[in-house]
Amino acid sequence: MNKITLFPDKRMHQLGDLYGIFFEDINHSADGGLYAELVQNRSFEFDKIDNWRYDHLTAWEKIGECDIEVGHDYPLNRNNIHYLAIKCTGEVCGVKNTGFNDGMNIVKGEEYSFSFYGRRNTGFNNEVIISLVDKENGAPIASESVKIKSCDWEKYNGVLVATESATCHLCITTSGKSMVYLDDVSLFPPTYKNRENGLRRDLAELLGDLKPKFMRFPGGCLVHDGNLDPHARNALYRWKNTIGDVSERPARRSNWGYNQTLGLGYYEYFLFCEDIGAKPLPVLPAAYNPHRRDAAPFEELKPWIDDALDLIEFANGDVNTKWGKIRAELGHSEPFNLEYLAIGNEEVGDDFFERYPYFHNAIKAKYPEIKLIGSSGPFPCGGEFEKGWKCARENKSEFVDEHYYVSPEWMLANNKRYFEYDKNGPKVFLGEYASWGNTFYNALIEASYMTAMEKSGTVGLACYAPLLANADYVNWRPDLIWFNGKKAYGTPNYYVQKMFMANQGEYAFEHSVENEKAAVEFGGDIFGEIWFETIHTSAEFSDVRINGEPVKHNNFTTNKEGSQIVKLEEIGKIGNFELTCKAKELDGIRGFTIRFGVGKNLYYRWECAGWQNQDSAVCSHTNNREAVLAHECRTIEQGRVYDLKLKVENNTVTCYIDGEMIHNVKVNKTVMEPIYTSTAIDENGNLILKAVNVQDTDYEATIETNRKISSVEAEMLKAELNAENSFECPENVSPTTIKVKFDSSVIKHSFPAHSVTVMVIK
Ligand code: AHR
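Basis of the calculations
- Residues numbered from 1 in each chain as written.
- Predicted model: local features only at pLDDT ≥ 70, side-chain atom pairs only at ≥ 80, totals over all residues.
- Heavy atoms only, no water.
- Helix = DSSP H or I, 4+ residues; strand = E, 2+ residues; numbered from the N terminus.
- Rg over C-alpha atoms; globule rule 2.2 N^0.38 Å.
- Buried < 20%, exposed > 50% of the residue type's maximum accessible area, 1.4 Å probe, protein only.
- Contact = heavy atoms within 4.5 Å.
- Areas by Shrake-Rupley, 256 points an atom, 1.4 Å probe, with all protein chains shown as cover.
- Lys, Arg positive; Asp, Glu negative; His and termini not counted.
- Charge placed at Lys NZ, Arg CZ, Asp CG, Glu CD.
- Pairing = 2+ DSSP bridges.
- Axes fitted to C-alpha atoms, helices over the stretch in contact; angles between N-to-C directions.
- Near = heavy atom within 4 Å.
- Polar contact = N/O pair within 3.5 Å; in protein donor to acceptor, adjacent residues only side chain to side chain.
- Arc of directions from axis to C-beta.
- Domains from an automatic or database assignment.
- Parallel < 35°, antiparallel > 145°, perpendicular 65-115°, else oblique.
- Left-handed = near helix turned anticlockwise from the far one by under 90°.
- Nonpolar A, V, L, I, M, F, W, Y, C, P; charged D, E, K, R; others polar.
- Salt bridge = Lys/Arg side-chain N within 4 Å of Asp/Glu carboxyl O.
- Core = buried A, V, L, I, M, F, W, Y, C linked by side-chain atoms within 4.5 Å.

J.: So what's going on with the overall build of the protein? Which residues, and what values?
T.: Across its full length, the protein carries 10 helices and 51 strands. The globule rule puts the C-alpha radius of gyration for 762 residues at 27 Å, and the 29 Å found for the protein is close to it. Counting only C-alpha atoms and orienting by the principal axes, one finds that the protein spans roughly 85 × 75 × 55 Å. Across the 762 residues that make up the protein, the buried fraction comes to 61%. Counting only contacts in the protein whose residues sit at least 6 apart along the sequence, the fraction spanning at least 24 positions is 73%. By element, 46% of the accessible surface of the protein is carried by carbon and sulfur atoms, the whole surface being about 29,500 Å². Seen as two clouds, the 82 positive and the 110 negative side-chain charges of the protein have centres 2 Å apart.

Have a look at this one:
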């Protein structure tokens, strides 16, 4: 029989704020998502810079016979330049907003708050009708009228009470004559905790239910993508642009290909954190855009550093301080108790590492209590990753932000990763991680990985990413919660996060596991075909040799269309080998890729100058799910001939460019332990056992402790490996309460194949 022995008296380390969430406005998770505003393009600021499909009238349509145009001569304010001008004819006419997704989800009996800024020409004297109209049959289900009183901008608001449930458009019509002007047209449903300018209830509740210890926001790449000028339309994410009157917040291009109104800004983020009991964890740009390698000169760092210092004052400062006063004026005299601050998001490039110390030192000099988080790039390894850790050690940052999206098999192969980290150095902030996919299999393997995080004592904070995806506007998968205009559901990964967060515990304590069976190992042997590949790039390969011998067709050129693959068919499948060739990029956007060990569901890849011609990386692809095994920044010059060498020896991959060794990495085997466990004690003295069985046989165990057990509460997540949740079956994969048999201080339990179990032992 397998045996798990709990030693609750042997405390290992505090679990602190281990589990949190990461919010980024990606997949329309803010506008059209968590931010409850139902009007899309409310201030007519949508622009081609956000998305080539946009114009100032995106999501607006004309009603009846009138002329509509977008004006900018008499703007509402300097940040909100454009407005709608309607030349009314005396017939019923106006505009409608079609909202996000397939329209606005309006629920019978609910109250919807509308507001807009309006002005008129002197000749216009009629009422303006604001109505919610069923988009299917054109029937109004709520309407109110407003008289526009002035030729100057004034704000008008009211409430629409829906008499039916329907998918609606918001219509603004009149039968007057002459000109009416509209701007900042807004419609809010009842929001989470009834906050003004608040959040969509079902989504906020799903997040609150997780009981996260912290929330990382507002990104992600959107923090550091854009222009260094804070006033630019596509500025990096500057928090000062996101507070105060929403009509005065500048519209922003998000790098995810849409417009951010910034209606969900820093004040709203702080409030939401408070509402769900999560500590705020903001991420600030470090005066650097790594996508364009654009950095503010050192002598211009002050405003960026001031942004950081002022943010701390805004969050924590006394109401007599400049920024504390602004917070109080916005409605929150009490501090938001900011403890954590991240500088940079998955940064690469020396420009970041040279600038980080300036931020760090200035913040620590004024606010030594703030725990600072450095960055280590977008991969779990490599040159930039090492630089990130070195920078954090040298500066004594409290945390280093690691990010990776990997195959489930990578997580199994690297389960013990954090056991090898230095317990005395900065702690890991695993600020973005996920296995590629939202099936139960992904969630199961993530759960096994999380048990190791808990035991390691070196991971201080961790959050799955990204959080939300609007199913009609997907930029990125996997995501924790999926939604459309009407519904939302948690993925299996959500339920794993929820089980682990709700049962995190205060301290990890020791336990031992005695298994009857050994771990199952697979993969990790590099054996297969060799393919050359270019992506949207034409390249010339010549003098291709394997182990010094020229291959039959050793000279070929790829063209620029899509992905071009040339297979070295006569070589067949090989394991240990040395491949050499000359490679020249002729045209295109990336360098060269050599696939090797190509088998049915597994291959490896050396990508030489990949994304944005910035990276050289060795990756594994298991069932088409990638994991980066080695990474360095490398750029390829067009027209230049490179000598490439790829050597595979006993599953160690070594790559050279022009004789310089770029990568040397040993590929790990995938390991499935008989059981993955962690143990913690909560603030009430209850013992928590998490057990994850990733194998396809049940795991029968006795669980012993030296304490007398009075009761055991347990829940389990179990499903077919490929099972998913959906709008139709939102809880297809969701935890169930289970009964656990115990006797005095011994539990006997069978952990079913492919299951996640959390026991609270009282
Ligand atoms: O989470 C999606 C993106 O992945 C984030 O913006 C970025 O930080 C990472 O590359």
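J.: For the sheet that holds strand E13 (residues 177-188), give the residues involved together with the corresponding values.
T.: The strand order across the open sheet built from five strands is E4-E5-E13-E8-E11, with neighbouring strands paired in antiparallel fashion. What marks the edges here is a single partner per strand, and that holds for strand E4 (67-71) and strand E11 (154-161). Each strand of the sheet is rotated relative to its neighbour by a mean of 35 degrees, with strand direction disregarded. Relative to E13, strand E8 (residues 111-120) is paired through seven bridges, and the arrangement is antiparallel. Residue Tyr117 lies in a different strand from E13, and its bridge partner there is Asp183.

J.: Can you lay out the site of the ligand for me, pointing to particular residues and giving the numbers?
T.: Neighbouring the ligand are the residues Glu24, Ile26, Gly220, Cys221, Trp256, Asn345, Glu346, His403, Tyr405, Glu432, Pro466 and Trp476. Contacts to the ligand include Glu24, whose side-chain N or O atom sits 2.7 Å from an oxygen atom. One of the backbone N or O atoms of Cys221 is found 2.7 Å from an oxygen atom in the ligand. Protein coverage of the free-state accessible area of the ligand, which is 280 Å², stands at 94%.

J.: Go over helix H5 (residues 322-330), please, and point to the residues and values.
T.: What H5 keeps buried is the set Trp323, Gly324 and Arg327. On an axial view of H5, the arc spanned by its buried residues comes to 105 degrees, and they lie on one face. Counted as exposed and oriented over 90 degrees from the buried face of H5: Lys322 and Glu329. Those residues of H5 hidden inside the fold are in contact with helix H3 (266-276) and helix H4 (302-316). Backbone geometry just after H5 places Gly331 at a positive phi near 120 degrees.

J.: Explain the domain arrangement of the protein to me, and be specific about the residues and the numbers.
T.: The assigned domain composition of the protein is domain 1 (2-13 + 672-761), domain 2 (21-27 + 193-222 + 253-284 + 310-503), domain 3 (60-188) and domain 4 (525-667). Measuring from the centre of the C-alpha atoms in domain 3 to the corresponding centre in domain 4 gives 58 Å.

J.: Run through the packing of helix H6 (residues 350-366) against helix H7 (residues 383-395), naming residues and quoting values.
T.: Contact pair H6 / H7: the axes reach a minimum separation of 10 Å and the direction vectors enclose 20 degrees. Taken together, the axes of H6 and H7 lie roughly parallel to each other. Considering only the axes of H6 and H7, their crossing is right-handed. For the pair formed by H6 and H7, the contact residues are Asp350, Phe353, Tyr356, Pro357 and His360 on the first element and Glu384, Lys387, Gly388, Cys391 and Asn395 on the second. Across the contact of H6 with H7, the residue classes break down as four nonpolar, three polar and three charged.

J.: Before we move on, could you go through the pattern of salt bridges and cite the residues and values that matter?
T.: Across all of its chains, the model carries 43 salt bridges by this definition. The partner of Arg233 in a salt bridge is Asp50, and the shortest N-O contact between them spans 2.9 Å. In this pair, Arg233 is assigned in the loop between helix H2 (221-224) and strand E15 (252-254) and Asp50 in the loop between strand E2 (19-22) and strand E3 (60-63), connecting sequence segments 183 residues apart. Look at Asp50 and you get buried, because its relative accessible area is 4%.

J.: Describe unusual backbone geometry, naming the residues involved and giving the relevant values.
T.: The residue after Phe217, namely Pro218, is reached through a cis peptide bond having omega -5 degrees. Along the chain, Ala465 connects to Pro466 via a cis peptide bond; the corresponding omega equals -25 degrees. With respect to the element layout, Pro466 can be found in the loop between strand E24 (459-464) and strand E25 (468-470).

J.: Give a description of the packing of H4 against H6 that names residues and reports values.
T.: Two elements in contact, H4 and H6, have axes separated by 10 Å at closest approach and are oriented at 35 degrees. The way H4 lies across H6 gives a crossing that is right-handed. Contact residues: H4 offers Trp304, Ile305, Ala308, Leu309, Ile312 and Glu313, while H6 offers Tyr358, Phe359, Ala362, Ile363 and Lys366. Residues belonging to the contact of H4 with H6 are distributed by class as follows: nine nonpolar, no polar and two charged.

J.: Before we move on, can you summarise the sheet that holds strand E20 (residues 340-343) with the specific residues and values?
T.: Read once around its circumference, the closed barrel built from eight strands follows the order E2-E14-E17-E20-E21-E22-E23-E24, with strand pairing classed as parallel. Direction aside, the axes of adjacent strands within the sheet are offset by 25 degrees on average. Sheet contacts for H4: strand E17 (279-284) and E20; angle to E17, the most-contacted strand, approximately 165 degrees. Against the sheet, H7 touches strand E21 (371-375), strand E22 (399-406) and strand E23 (427-435), its axis set at about 160 degrees to E22.

J.: Talk me through the environment of Glu540; I want residue IDs and the actual numbers.
T.: Along the chain, the position of Glu540 falls in strand E31 (residues 537-546). The exposure class of Glu540 is partly exposed, given its relative accessible area of 30%. Once you skip the residues sitting within four places of it in the chain, Glu540 turns out to touch Phe556, Thr557, Lys582, Ala583, Lys584 and Leu586.

J.: Would you mind going over the side chain of Asn493 in detail, with residue names and values included?
T.: When you line up the elements, Asn493 lands in helix H10 (residues 492-502). For Asn493, a relative accessible area of 0% gives the class buried. In this structure the side chain of Asn493 is engaged in a polar contact, spanning 3.0 Å, whose partner is the side chain of Asn438. When near neighbours in sequence (up to four residues on either side) are disregarded, Asn493 contacts Gly437, Asn438, Thr439, Asn442, Ala443, Glu446, Tyr464 and Leu480.

J.: Outline the side chain of Thr261, supporting the account with residue identities and numerical values.
T.: Looking at the element boundaries, Thr261 is found in the loop between strand E16 (258-260) and H3. Side chain to side chain, Thr261 and Asp31 meet in a polar contact 2.7 Å long. Of the polar contacts made by the side chain of Thr261, one reaches the backbone nitrogen of Gly263; its length is 3.0 Å. Among all residues touching Thr261, those that are not within four sequence positions of it are Asp31, Tyr35, Arg42, Arg249 and Pro250.

J.: Describe in detail the nonpolar core, supporting the description with residues and values.
T.: In this structure, Leu34, Leu341, Ile363, Leu579, Phe596, Trp606 and Leu644 are the most contacted members of the largest nonpolar core, which totals 172 residues. Residue contributions to this core peak at nine residues, all from helix H9 (residues 440-456). Membership of the second largest hydrophobic core comes to 34 residues, among which are Val95, Tyr112, Phe114 and Cys168.

J.: Which residues make up the environment of Lys560, and what are the values?
T.: For Lys560, the position within the fold is in the loop between strand E33 (556-557) and strand E34 (563-567). Looking at Lys560, the relative accessible area reads 38%, which means it is partly exposed. Separated by 381 residues in the primary sequence, Lys560 and Met179 have C-alpha atoms spaced 53 Å apart. If near-sequence neighbours (up to four positions away) are discounted, Lys560 is found in contact with His536, Thr537, Ser538, Asp587 and Gly588.

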